[in-house]
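# Residue-level structure breakdown
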Amino acid sequence: LPYMIWVTEQAVMQAHSEGHYNATIFRYPGVYGPGAPANPEWSIIRRILDSRKHFIVSGSRGLGRRAFGQNAAHAVLLGVDKPTESAAQIYNVGEEIQYSQRQNVEFIAKLLNHDWELVEMPAALAIRAYRGGSAQGGGGGSDFDITKIRTQLGYQDVISISEALTQSAEWLLANRPEPGGGIEQQLGDPFAYDAEDELIRAYAEG
């Protein structure tokens, strides 16, 4: 898949160089927020709704570079507003401030007034129970460098990460995915609480 994306980008830029149109490519990471499919925050929120007392995290694991929907749209509008600067450029898009998985979990738990114990494990173990911790639903997304879009187009987050997560959580509470349905399958999260509890016990004993 990454190779095919590269081939597509090259084809778009070739047509640009031949004068068929003006092109700018924006490389999006995981986009989250109201209306976004498979928001990884649901893996946290459903466990809170289910009154879970433990949550498995990998403390060193980041979520990868992500973008709240309005921030992602803002990046494109900057390119529209600055057509000369953005012509024939390729930009990585993402928010300036990024939370780790643990920070994400702590913020949402505090927002929803939920107390639980965070059980820290190596990522290789944590991902077996909770795969919603990255934009890709797998092992910690890529932390793309956004220096270029910041320096050339003046990108800055228009929605802070705290407001973005608050809006995301409120939307998910009002639009709860069906248990076991398509959204949860996209997340790759089985919500297998018995297996999680067994993993916690085995890790503590080990």
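Summary of the structure given here. (Residues numbered from 1 in each chain as written. Predicted model: local features only at pLDDT ≥ 70, side-chain atom pairs only at ≥ 80, totals over all residues. Heavy atoms only, no water.)

### Quick notes on helix H10 (residues 193-205)
- Between its first and last C-alpha atoms H10 spans 18 Å; for 13 residues at 1.5 Å apiece the expected length is 18 Å, and the two agree.
- Buried within H10 we find Tyr 193, Glu 196, Leu 199 and Ile 200. Viewed along the axis of H10, the buried residues span an arc of 115 degrees, placing them on a single side of the element. Away from its buried face, by an angle of more than 90 degrees, H10 presents the exposed residues Asp 194 and Glu 205.
- Looking at the packing, one finds that the buried side of H10 touches helix H2 (41-49), strand S3 (54-57), strand S6 (117-120) and helix H6 (123-129). (Helix = DSSP H or I, 4+ residues; strand = E, 2+ residues; numbered from the N terminus. Expected span 1.5 Å × (residues − 1). Buried < 20%, exposed > 50% of the residue type's maximum accessible area, 1.4 Å probe, protein only. Arc of directions from axis to C-beta. Contact = heavy atoms within 4.5 Å.)

### Observations concerning helix H3 (residues 69-81)
- The first and last C-alpha atoms of H3 sit 19 Å apart over 13 residues, in line with the 18 Å expected at 1.5 Å per residue.
- Where H3 is concerned, the buried positions are Asn 71, Ala 72, Ala 75, Leu 78 and Gly 79. Down the axis of H3, the sector holding all buried residues measures 115 degrees, keeping them to one side. Residues of H3 that are exposed and point more than 90 degrees away from the buried face comprise Leu 77, Val 80 and Asp 81.
- Residues of H3 that are buried make contact with strand S1 (25-27), strand S2 (30-32), strand S4 (66-68), helix H4 (83-86) and helix H7 (147-153).

### A few points about the packing of aromatic side chains
- Within the structure shown, the criterion is met by six aromatic pairs.
- On the numbers, 6.2 Å between centres and 25 degrees between planes, the contact of Tyr 3 with Trp 6 is stacked. Taken together, the residues span about one helical turn, with Tyr 3 and Trp 6 both in helix H1 (residues 2-17) at a distance of three residues.
- Trp 6 sits in the partly exposed class, given a relative accessible area of 46%.
- A cation over a ring is seen here: Lys 148 above Tyr 91, with NZ or CZ 5.4 Å from the ring centre. (Phe/Tyr/Trp six-rings, centres within 6.5 Å; stacked < 30°, edge-to-face > 60°. Lys NZ or Arg CZ within 6 Å of the ring centre and 35° of its normal.)

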